[in-house]
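What follows is the residue order along each chain.
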Amino acid sequence: MVDSFYTIPGAPFLAHLSDLHNRDYHPVERSLLRHRPELICVTGDIIYGTMPEDDISPLVAQPNALGLLRACADIAPTFVSLGNHEWMLDEEDLDAMRATGAVVLDNDWVEHDGLAIGGLTSGHVMRHRRALSNLPGDERGAHRYPARGGVRDIMKTAAELLMEKLPDDDWLMSFASAPGHHFLLSHHPEYRRLVPKEVELILSGHAHGGQWRLFGHGVYAPGQGIWPKLTKGIYDGRQVVSAGLSNTAPAPRFFNPTQVVYVQS
Ligand SMILES: [Fe+2]
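Small disclaimer: the values here were computed from a predicted structure and weren't measured.

Chemist: Explain the packing of aromatic side chains to me, please; I cannot follow it from the model alone.
Modeler: Each aromatic ring pair is characterised by the separation of its centres together with the angle its planes make. Within the structure shown, the criterion is met by five aromatic pairs. Look at W109 and W171: their rings are 6.4 Å apart centre to centre, the planes differ by 15°, and that puts the pair in the stacked class. In this pair, W109 sits in strand β6 (residues 108-112) while W171 sits in the loop between α7 (151-161) and α8 (172-176), placing the two residues 62 residues apart along the sequence. Between W171 and F175, the aromatic rings sit 5.6 Å apart at their centres with planes inclined by 50°, giving tilted as the arrangement. When sorted by exposure, W171 lands in the same class as F175, which is buried.

Chemist: Honestly, the packing of helix α1 (residues 26-35) against helix α3 (residues 64-75) in this entry has me stumped. Any pointers?
Modeler: The packing of two helices is summarised by the inter-axis angle and the distance between the axes. Axis separation between α1 and α3 bottoms out at 10 Å; the angle between their running directions is 5°. Classified by the angle between their axes, α1 and α3 sit roughly parallel to one another. Packed against α1, whose contacting residues are V28, E29, L32 and L33, the element α3 presents L68, A71, C72 and I75 at the interface. Per-class residue counts for the contact of α1 with α3 are seven nonpolar, no polar and one charged.

Chemist: Help me understand a nonpolar patch on the surface, please; the structure alone is not making it clear to me.
Modeler: Taken together, the side chains of L214, F215, Y220, I226, W227, F254 and F255 make up a nonpolar region of the molecular surface, amounting to roughly 920 Å² of accessible area. Of note, F255 is situated in the loop between β15 (239-241) and β16 (259-264). Under the relative-accessibility criterion, F255 is labelled exposed at 69%.

Chemist: Where do I start with helix α5 (residues 123-134) in this structure?
Modeler: Note that an α-helix has 3.6 residues per turn; residues three or four places apart therefore point the same way. The terminal C-alpha atoms of α5, which comprises twelve residues, lie 16 Å apart, in line with the 16 Å expected from a rise of 1.5 Å per residue. Buried within α5 we find G123, V125, M126, R127, H128 and A131. N-capping of α5 is provided by S122, with a side-chain oxygen placed 3.1 Å from the backbone N of H124.

Chemist: How should I be thinking about the coordination of the iron ion in this particular structure?
Modeler: Around a metal, the perfect tetrahedron of four donors has angles of 109.5 degrees, and the perfect octahedron of six donors has angles of 90 or 180 degrees. Every protein donor of the iron ion is accounted for by D45 (OD), N84 (OD1), H187 (NE2) and H206 (ND1), and the metal-donor separations fall at 2.1 to 2.2 Å. The sequence pattern describing where the donors of the iron ion fall on their chain is D-x38-N-x102-H-x18-H. Of this pair, D45 sits in the loop between β3 (39-42) and α2 (58-61) while H187 sits in the loop between β8 (181-186) and β9 (201-204); the two residues are 142 residues apart in sequence, bridging distant segments of the chain.

Chemist: So what exactly am I meant to see when it comes to the environment of S265 here?
Modeler: Mapping S265 onto the fold places it in the segment after β16. Overall, the relative accessible area of 58% leaves S265 in the exposed class. The spatial distance from the C-alpha of S265 to the C-alpha of V125 is 33 Å, given a sequence separation of 140 residues. Discounting chain neighbours no more than four positions away, the residues touching S265 are T7, I8, P9, G10 and A11. A polar contact of 3.4 Å, which involves the side chain of S265, links it to the backbone oxygen of A11.

Cut-offs applied
- Residues numbered from 1 in each chain as written.
- Predicted model: local features only at pLDDT ≥ 70, side-chain atom pairs only at ≥ 80, totals over all residues.
- Heavy atoms only, no water.
- Phe/Tyr/Trp six-rings, centres within 6.5 Å; stacked < 30°, edge-to-face > 60°.
- Helix = DSSP H or I, 4+ residues; strand = E, 2+ residues; numbered from the N terminus.
- Buried < 20%, exposed > 50% of the residue type's maximum accessible area, 1.4 Å probe, protein only.
- Axes fitted to C-alpha atoms, helices over the stretch in contact; angles between N-to-C directions.
- Parallel < 35°, antiparallel > 145°, perpendicular 65-115°, else oblique.
- Contact = heavy atoms within 4.5 Å.
- Nonpolar A, V, L, I, M, F, W, Y, C, P; charged D, E, K, R; others polar.
- Patch = residues over 30% accessible without salt bridge, like charges linked within 9 Å, V, L, I, M, F, W, Y side chains within 5 Å.
- Areas by Shrake-Rupley, 256 points an atom, 1.4 Å probe, with all protein chains shown as cover.
- Salt bridge = Lys/Arg side-chain N within 4 Å of Asp/Glu carboxyl O.
- Expected span 1.5 Å × (residues − 1).
- Polar contact = N/O pair within 3.5 Å; in protein donor to acceptor, adjacent residues only side chain to side chain.
- Donors = N, O, S within 2.8 Å, 3.2 Å for Na, K, Ca; no water.

Okay, here's the thing in structure tokens:
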């Protein structure tokens, strides 16, 4: 794992963390304690989004996720948005995330020290919520989470009702017109097409650096396909994409270390 420093003129010194996927957070915590950022932005996928077993919250079954948020909130004001792997988390889970001291930005924004900091929730999360809300109550079953075997029915219904994994971007214009500088946490880098130009900084992850890097370019990223454009680094002077804190693919990463990103002015 490497510490990477990117320069955005006028930005406060912040840490940008993404894609922990329940891996050991202590190396990240040590990096944060070394560098002491003014604020910490976590752009989703803190868990690995398989179907929960025995109806246990993934945040209980995967304790590194809340461990990371607790560690971050002890170091600096911490803001977190939701990635595709958080698709099944419910309000109780979001409250558990808030109880760590982190601010959960679920299609929402807050004002902090002259900044408007927003979090754009993954369209995968929204698809699951839409599917659940469209199911009649007696078809949701007794499970809090989609049970193994049962999930197929829910997802089939989701496919019938709404195939798209679209994010809810209705709020972005009012966010962009709020006073102050605008920072947006958006797990998916490809959502940049939805982001108003008034947003000065977009923080993203999800691409895992393109998994293998050849001649400085990623090879594949979910949501972008082969030879993705947005995988690691600064784009257009206003989007910072993290290569992530972990590897979840069955294949190893090549020339693509995991990274803790710092943005500075
Ligand atoms: Fe992701």
